[in-house]
Amino acid sequence: MAKRPAKRRVLIVTGLSGAGLSTALKSLEDVGYKSIDNIPVALVDALLKQKQGGDKPVAIGIDSRTWDFTPAALMKQVAKLKKDRHLQAELVFINCQDSILQQRYTETRRVHPLAIDRPVADGLIRERQLMTPLRRAADHVID
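Counting restarts for each chain: residues are numbered from 1 in the order of the written sequence. Given that this is a predicted model, residues contribute local features only at a pLDDT of at least 70 and side-chain atom pairs are listed and counted only at 80 or more, while totals for whole chains, interfaces and linings are drawn from all residues. Only hydrogens and water are removed before side-chain values are computed, so all heavy atoms of the structure are retained for them.

Draft legend 1. Quick look at the side chain of Thr66. Note that Thr66 resides in the loop between β3 (58-61) and α3 (71-83). Under the rule applied, a polar contact is a pair of N or O atoms within 3.5 Å (in protein, one hydrogen donor and one hydrogen acceptor; residues adjacent in sequence only if both atoms are side-chain atoms). A distance of 2.8 Å separates the side chain of Thr66 from the side chain of Asn38, its partner in a polar contact. Throughout, a residue-residue contact means that at least one pair of heavy atoms, one from each residue, lies within 4.5 Å. Residues within four places of Thr66 in sequence aside, it is in contact with Asn38, Ile39 and Pro40. Helix numbers and strand numbers start at the N terminus; a helix is a DSSP run of H or I with at least 4 residues, a strand a run of E with at least 2.

Here's what the structure looks like:
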């Protein structure tokens, strides 16, 4: 009897801007994942069909900064990946307290991607509302 090949692990990593998504992707890379950040949702299927990575696990960062991002589109993509019998897909949500996010934006003097011409606090409120469905749907929430 032929041995069934192992499923390729795919983590879709999302969360709040400034919460540590890039750090999480770097950590996953350190433990053997091929990590890609900020890829459009529409290109995920094409990326996973590439043969260069073989069966190496993949971590894909997609958040509110990503071109073509909507929570609905990302949730639809994750559902599609979970149905693929060759993949073990999971959604990881990186969360953080607003006070810490506020401090990070203040220290770096960066603008929040959803509040370019507004106070950081406005961006945090807007993004938390936008990302709530993804947080609820996540297989893993890391704070």
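Draft legend 2. View of the pattern of salt bridges. Throughout this description, the term salt bridge denotes a Lys or Arg side-chain nitrogen within 4 Å of a carboxyl oxygen of Asp or Glu. Under the criterion given, the structure shown has seven salt bridges. Close ionic contact of Arg65 with Asp37 constitutes a salt bridge, the shortest N to O distance being 3.7 Å. Of this pair, Arg65 sits in the loop between β3 and α3 while Asp37 sits in strand β2 (residues 34-37), placing them 28 residues apart in sequence. By relative accessible area, Arg65 is classed as partly exposed at 39%. Each of Asp37, Asp63 and Arg65 takes part in one network of salt bridges that share partners. Classification of residues uses two cut-offs on accessible area relative to the type maximum, computed with a 1.4 Å probe and protein chains only: under 20% is buried, over 50% is exposed, and between them is partly exposed.

Draft legend 3. A look at the nonpolar core. We define a nonpolar core as any set of buried Ala, Val, Leu, Ile, Met, Phe, Trp, Tyr and Cys residues linked to one another through side-chain atoms lying within 4.5 Å. Grouped together as the largest cluster of nonpolar side chains are 38 residues, with contacts concentrated most on Ile12, Val13, Ile60 and Ile62. Breaking this core down by element, the ones donating at least two residues are β1 (8-15), α1 (21-30), α2 (44-49), β3, α3, β4 (87-94), α4 (98-108) and α5 (120-137). Here this core gets six residues from one element, more than from any other, and that element is β4.

Draft legend 4. Examining the packing of α4 against α5 more closely. Where helices are involved, their axes are fitted lines through C-alpha atoms of the stretch in contact, as for all axes, and angles between N-to-C directions lie from 0 to 180°. It is at 10 Å that the axes of α4 and α5 come closest, and there the two elements cross at 135 degrees. Taken together, α4 and α5 sit at an angle that is classed as oblique. The chirality of how α4 crosses α5 is right-handed. Contact with α4, carried on its side by Asp98, Leu101, Gln102 and Tyr105, involves Val120, Ala121, Leu124 and Arg128 of α5 and no other residues of that element. In this count, Pro and Cys sit with the nonpolar residues alongside Ala, Val, Leu, Ile, Met, Phe, Trp and Tyr, while Asp, Glu, Lys and Arg are called charged and the others, Gly among them, polar. In the contact of α4 with α5, the residues fall into five nonpolar, one polar and two charged. By the definition adopted for this analysis, an angle is roughly parallel if under 35 degrees, roughly antiparallel if over 145, roughly perpendicular if from 65 to 115, and oblique otherwise. Crossings are classed by handedness, with left-handed meaning an anticlockwise turn of the near helix from the far one by less than a right angle and right-handed meaning a clockwise turn.

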